Amino acid sequence: MSLDKATVRNIANLARIEIRDEDLDHLAGELSNIMTFVEQLSEVNTDGIEPMTSVAAMTLPLRKDVITDGGQPEAVLLNAPEAEDGFFTVPKVVE
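Here is a short report on the structure shown in this document.

The rules we used
- Residues numbered from 1 in each chain as written.
- Predicted model: local features only at pLDDT ≥ 70, side-chain atom pairs only at ≥ 80, totals over all residues.
- Heavy atoms only, no water.
- Helix = DSSP H or I, 4+ residues; strand = E, 2+ residues; numbered from the N terminus.
- Rg over C-alpha atoms; globule rule 2.2 N^0.38 Å.
- Buried < 20%, exposed > 50% of the residue type's maximum accessible area, 1.4 Å probe, protein only.
- Contact = heavy atoms within 4.5 Å.
- Axes fitted to C-alpha atoms, helices over the stretch in contact; angles between N-to-C directions.
- Parallel < 35°, antiparallel > 145°, perpendicular 65-115°, else oblique.
- Salt bridge = Lys/Arg side-chain N within 4 Å of Asp/Glu carboxyl O.

**Description of the overall build of the chain**
Right, so step 1: In terms of regular secondary structure, the chain is built from 3 helices and 2 strands.
Right, so step 2: Ordered by position in the sequence, the α and β elements of the chain form the string α-α-α-β-β.
Right, so step 3: A compact globule built from 95 residues should have a C-alpha radius of gyration of about 12 Å, whereas the chain, at 30 Å, is more than 25% larger.
Right, so step 4: Principal-axis analysis of the C-alpha atoms gives the chain an extent of 75 × 45 × 20 Å.

**A closer look at the environment of Leu 3**
Right, so step 1: Its location among the elements puts Leu 3 in the segment before helix 1 (5–14).
Right, so step 2: Classification of Leu 3 as buried rests on a relative accessible area of 13%.
Right, so step 3: The sequence separation of Leu 3 and Met 35 amounts to 32 residues, and the corresponding C-alpha distance is 9.0 Å.
Right, so step 4: Setting aside residues up to four positions removed in sequence, Leu 3 forms contacts with Val 8, Ile 11, Ala 28, Leu 31, Ser 32 and Met 35.

**A short note on the packing of helix 1 against helix 2 (residues 24–41)**
Right, so step 1: Remark: helix 1 packs on helix 2, axes separated minimally by 9 Å, with the N-to-C direction vectors making an angle of 90°. Classified by the interaxial angle, the pair formed by helix 1 and helix 2 is roughly perpendicular. Residues Lys 5, Val 8 and Arg 9 of helix 1 pack against Leu 24, Asp 25, Leu 27, Ala 28 and Leu 31 of helix 2.

**Remarks on unusual backbone geometry**
Right, so step 1: We note that Arg 16 has phi near 60°; this positive angle belongs to a residue other than glycine.
Right, so step 2: Look at Arg 16 and you get exposed, because its relative accessible area is 72%.
Right, so step 3: Here the phi dihedral of Asp 85 falls at roughly 55°; this positive angle occurs in a residue that is not glycine.
Right, so step 4: Take Asp 85: it is sitting in the loop between strand 1 (83–84) and strand 2 (87–88).
Right, so step 5: By relative accessible area, Asp 85 is classed as exposed at 69%.

**Focus on the pattern of salt bridges**
Right, so step 1: Taken as a whole and assessed by the stated rule, the structure comprises 4 salt bridges.
Right, so step 2: A salt bridge links Asp 25 to Lys 5; its shortest N-O distance comes to 3.9 Å. Of this pair, Asp 25 sits in helix 2 while Lys 5 sits in helix 1, and the two are 20 residues apart along the sequence.
Right, so step 3: Put simply, Arg 20, Glu 22 and Asp 23 are held in one network by salt bridges that share partners.

**Considering the environment of Asp 4**
Right, so step 1: Along the chain, Asp 4 falls in the segment before helix 1.
Right, so step 2: According to the relative accessible area criterion, Asp 4 is partly exposed, its value standing at 42%.
Right, so step 3: Once the C-alpha coordinates of Asp 4 and Pro 91 are considered, the two residues, 87 residues apart in sequence, prove to be 68 Å apart.

Here is the structure:
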């Protein structure tokens, strides 16, 4: 696929990239080479090939989605500047 200067200028405008006129020829050639390579990739037979996110077969470790209180109220309250009767103590902000 061959791209001309007008197409490259339009692509740059859509991408919000400022390109000088003297760079348009060079970029048209580079983008044309990229498009030719992408066209070659479409010729590869991928029937029966599952999509993958990594070359290493791995799965994310999963845990049960259970709602808890954390089970460590004492440890949490140790972070509080002030605690009373198992709760955070905060200054009064409403009169």
